[in-house]
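Okay, here's what each chain looks like letter by letter:
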Amino acid sequence: MYGAFLPQCVLGLPRGKVKLVTAMLKAIHAQEDKVAALDKLEDVVDKLKEMKLFEAAKKVEETGLETLVYMDFPREHWRRRCHGAIEPRDQAQNQDGRRVPRRSVCVDV
């Protein structure tokens with residue numbers, strides 16, 4: 001959704017502002033629908049201008065709308081993000097403690 005968008009917007013910001021701006025940008029994508037996200041986008045741009053972060057505000061204003069395209073589709077089609085660690089595919093082990101390939105586990109070999 002916003003893989004390249006986030007680093008692009010925080011590039012060149014003062015260190016003390018990066019976490020705040022990152023939270024603001026993530027809040028845009030946390031909205032329930034596109035209308036609410038657009039409203040939040042406008043609020044974030046205004047807030048960035050108030051903080052005198054004009055370059056970040058310009059980047060958000062120019063590219064922020066592109067990152068919300070996925071909201072045009074039904075919510076069921078939105079990509080789900082995993083916040084936990086992703087486990088390796090070959091997680092199963094046999095009795096000896098050696099890994100068993102995933103395919104072997106599926107077909108009970």
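Basis of the calculations
Residues numbered from 1 in each chain as written. Predicted model: local features only at pLDDT ≥ 70, side-chain atom pairs only at ≥ 80, totals over all residues. Heavy atoms only, no water. Axes fitted to C-alpha atoms, helices over the stretch in contact; angles between N-to-C directions. Helix = DSSP H or I, 4+ residues; strand = E, 2+ residues; numbered from the N terminus. Parallel < 35°, antiparallel > 145°, perpendicular 65-115°, else oblique. Left-handed = near helix turned anticlockwise from the far one by under 90°. Contact = heavy atoms within 4.5 Å. Nonpolar A, V, L, I, M, F, W, Y, C, P; charged D, E, K, R; others polar. Buried < 20%, exposed > 50% of the residue type's maximum accessible area, 1.4 Å probe, protein only. Arc of directions from axis to C-beta.

J.: Go over the packing of helix 2 (residues 15-29) against helix 3 (residues 34-50), please, and point to the residues and values.
T.: Viewed as axis vectors pointing N to C, helix 2 and helix 3 meet at an angle of 160 degrees, and their least axial separation amounts to 8 Å. With respect to their mutual orientation, helix 2 and helix 3 come out roughly antiparallel. Helix 3 is crossed by helix 2, and the crossing has left-handed handedness. Here Val21, Met24, Leu25, Ala27 and Ile28 of helix 2 come into contact with helix 3, specifically with Ala37, Lys40, Leu41, Val44, Lys47 and Leu48. Residue classes in the contact of helix 2 with helix 3 are distributed as 9 nonpolar, no polar and 2 charged.

J.: Mind laying out helix 4 (residues 54-63), listing which residues take part and the relevant values?
T.: Restricting attention to buried positions, one finds in helix 4 the residues Ala56, Ala57, Lys59, Val60 and Thr63. Buried residues of helix 4, viewed axially, fall in a sector of 165 degrees; they line one side. Structural note: helix 4 exposes Phe54, Glu55, Lys58 and Glu62 on the side pointing more than 90 degrees away from its buried face. Turning to helix 4, the residues buried within the fold contact helix 1 (5-10), helix 2 and helix 3.

J.: Break down the packing of helix 3 against helix 4 for me, with residues and values.
T.: When two helices pack together, their arrangement is captured by the angle between the axes and the distance separating the axes. As a packed pair, helix 3 and helix 4 sit with axes 8 Å apart at the nearest point and diverge in direction by 165 degrees. The orientation of helix 3 with respect to helix 4, classified from their angle, is roughly antiparallel. Crossing handedness for the pair helix 3 and helix 4: left-handed. Residue-level contacts link Leu41, Val45, Leu48 and Lys49 of helix 3 to Phe54, Ala56, Ala57, Val60 and Glu61 of helix 4.

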